[in-house]
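# Topology and contacts: notes
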Amino acid sequence: MDKVGCYPFMAEPFHCDFSGRLFMGHLGNHMLNAADFHSSARGFGMKYLMTIKRSWVLSRLAIEMEEMPLQYTKFNVETWVESAMRYFTSRNFAVVDESGKVYGYGRSIWAMIDTESRQPTDIYAIDNGAIEQWIVKDKECPIDKGGRVRMGDAARLARTIDTYYNDVDINGHINSVKYIEHVLDLWDMAWYKEHRIKRFEIAYVAEAHAGDRLSFYIEEETPSTFNVRICKDNDVECCRSKVVFV
């Protein structure tokens, strides 16, 4: 089996925005599905992990796109493990069409947790560290890994929302992609008619659950770059995001 997985998707029309291009949230969802397909086929996926009370949780995700696929376009998401440590592993993505044209790339960091204690657990304890045999060190992912999103006192409260059934995933917390969608809703239709998303970063800090109220604080770094902090009740920070528009 190849170390690099390649999985076909299509930009379905109901997954596209008013411009006819794939929503960033749906692209993120395709990347997470590709990650699960890849890990499951190689023996360390969610289906197996749930039987031993373990689960993957996304810690960081960065997506940088030159172009979003148009509706009905068939494309592939390639994914591979770049590195692994005891508690974290890094996984990369490439979004390419059937002719090999590259739309963009993604970088992600994952932790493995104990589903009962919710604490990180040893990745190398799974099948005697079998993940090591799938690491790819020579495949290029030419986008920045990103770093900590820094925010100062100038951040303003932009919105507070409630969370419900549709926000929750298989791990019982607010879905990673839902955060992406909620962040990108901070800008209106008029903005998106003049701008497109070049890069999206998000780092997850703490879990939120159904019923939690999420507050979104936004700070302008440049006229086209914005930082967002998401907090749940009692001002507990859940995640931070950076959005770069062109």
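Note that the structure is a prediction, hence the values are computed from the model and not measured.

The next thing to look at is the overall build of the protein. Summing up its helical and strand segments, the protein has four helices and ten strands in all. In sequence order, the protein lays out its α and β elements as β-α-α-β-β-β-β-β-α-α-β-β-β-β. Over its C-alpha atoms the protein spans a radius of gyration of 18 Å, differing by no more than 12% from the 18 Å that the globule rule assigns to 246 residues. Counting only C-alpha atoms and orienting by the principal axes, one finds that the protein spans roughly 50 × 45 × 30 Å. Carbon and sulfur atoms make up 50% of the accessible area of the protein, which totals about 12,300 Å². Computing the positive centroid from 30 side-chain charges and the negative centroid from 36, the protein places the two 2 Å apart.

With a phi angle near 65°, Arg118 is a residue other than glycine that sits in the positive phi range. Within the secondary structure layout, Arg118 lies in the loop between β5 (102–114) and β6 (156–162). You will see that Asp127, though not glycine, has its phi angle at about 50°, which is positive. By the element assignment, Asp127 lies in the loop between β5 and β6.

Now for the sheet that holds strand β8 (residues 213–222). Taken in spatial order, the ten strands line up as β1-β3-β4-β5-β2-β7-β10-β9-β8-β6 in an open sheet, and their pairing is antiparallel. Where the open sheet ends on each side, the last strands, each with one partner, are β1 (5–10) and β6. Across this sheet, the average inter-strand angle for adjacent strands is 25°, counted without regard to direction. Taken together, the eleven bridges between strand β2 (residues 54–65) and β5 define a ladder with antiparallel strand orientation. Residue Ser55 lies in a different strand from β5, and its bridge partner there is Ile113. Helix-sheet contacts for helix α1 (residues 24–41) involve β1, β2, β3 (74–84), β4 (88–97), β5 and β7 (197–204), and the interaxial angle to β3 is about 60°. Helix α3 (residues 176–184) rests against β2, β6, β7, β8, β9 (225–232) and β10 (236–245) of the sheet, and its axis sits at about 130° to β7.

Turning next to the nonpolar core. In terms of nonpolar packing, the biggest core is built from 59 residues, with Met24, Leu27, Trp56, Phe75, Tyr179, Trp187 and Phe200 touching the most fellow members. By residue number, the principal contributor to this core is α1, which donates six residues. Look past the residues within four positions of Leu27 in its chain and what remains in contact with it is Leu22, Ile63, Met65, Met68, Phe75 and Val95. In this structure, Tyr105, Val136, Cys141 and Ile143 belong to the second largest nonpolar core, which totals seven residues.

All right, on to the packing of aromatic side chains then. Enumeration according to the criterion identifies nine aromatic pairs in this entry. Between Trp187 and Phe226, the aromatic rings sit 5.3 Å apart at their centres with planes inclined by 65°, giving edge-to-face as the arrangement. In this pair, Trp187 is assigned in the loop between α3 and α4 (189–194) and Phe226 in strand β9, connecting sequence segments 39 residues apart. For the pair Trp187 and Phe226, a shared accessibility class is recorded, and that class is buried.

Let us look at the side chain of Arg107. Structurally, Arg107 can be placed in strand β5. A distance of 2.6 Å separates the side chain of Arg107 from the backbone oxygen of Cys141, its partner in a polar contact. If we skip the residues at most four places from it in the chain, Arg107 touches Arg60, Leu61, Ala62, Glu82, Arg91, Asn92, Phe93, Cys141, Ile143, Asp144 and Lys145.

What follows is about the pairing of β3. Counted residue by residue, β3 has eight buried out of eleven residues, so it is predominantly covered. Where β1 and β3 come together, six bridges link them in antiparallel fashion. Paired with Cys6 across the two strands is Glu78, which belongs to β3. Relative to β4, β3 runs antiparallel, the two sharing nine bridges. Within β4, the residue paired with Phe75 across the bridge is Asp97. With antiparallel pairing between neighbouring strands as the criterion, β3 and β4 make up a hairpin whose turn holds three residues.

Here the focus is α3. For α3, a buried count of seven out of nine residues is recorded, marking the element as mostly surrounded by other parts of the structure. For α3, the set of buried residues is Ser176, Val177, Tyr179, Ile180, His182, Val183 and Leu184. Among the residues of α3, the N-terminal cap falls to Asn175, whose side-chain oxygen and the backbone nitrogen of Val177 are separated by 2.7 Å.

In this section: α1. With 18 residues, α1 ought to run about 26 Å at 1.5 Å a step, and its terminal C-alpha atoms sit 26 Å apart, in line with that. Those residues of α1 lying buried are Met24, Gly25, Leu27, Gly28, His30, Met31, Leu32, Ala34, Ala35, His38 and Ser39.

Cut-offs and rules
Residues numbered from 1 in each chain as written. Predicted model: local features only at pLDDT ≥ 70, side-chain atom pairs only at ≥ 80, totals over all residues. Heavy atoms only, no water. Helix = DSSP H or I, 4+ residues; strand = E, 2+ residues; numbered from the N terminus. Rg over C-alpha atoms; globule rule 2.2 N^0.38 Å. Areas by Shrake-Rupley, 256 points an atom, 1.4 Å probe, with all protein chains shown as cover. Lys, Arg positive; Asp, Glu negative; His and termini not counted. Charge placed at Lys NZ, Arg CZ, Asp CG, Glu CD. Pairing = 2+ DSSP bridges. Axes fitted to C-alpha atoms, helices over the stretch in contact; angles between N-to-C directions. Contact = heavy atoms within 4.5 Å. Core = buried A, V, L, I, M, F, W, Y, C linked by side-chain atoms within 4.5 Å. Buried < 20%, exposed > 50% of the residue type's maximum accessible area, 1.4 Å probe, protein only. Phe/Tyr/Trp six-rings, centres within 6.5 Å; stacked < 30°, edge-to-face > 60°. Polar contact = N/O pair within 3.5 Å; in protein donor to acceptor, adjacent residues only side chain to side chain. Expected span 1.5 Å × (residues − 1).

From the geometry alone we can't say anything about function, so treat these as descriptive.
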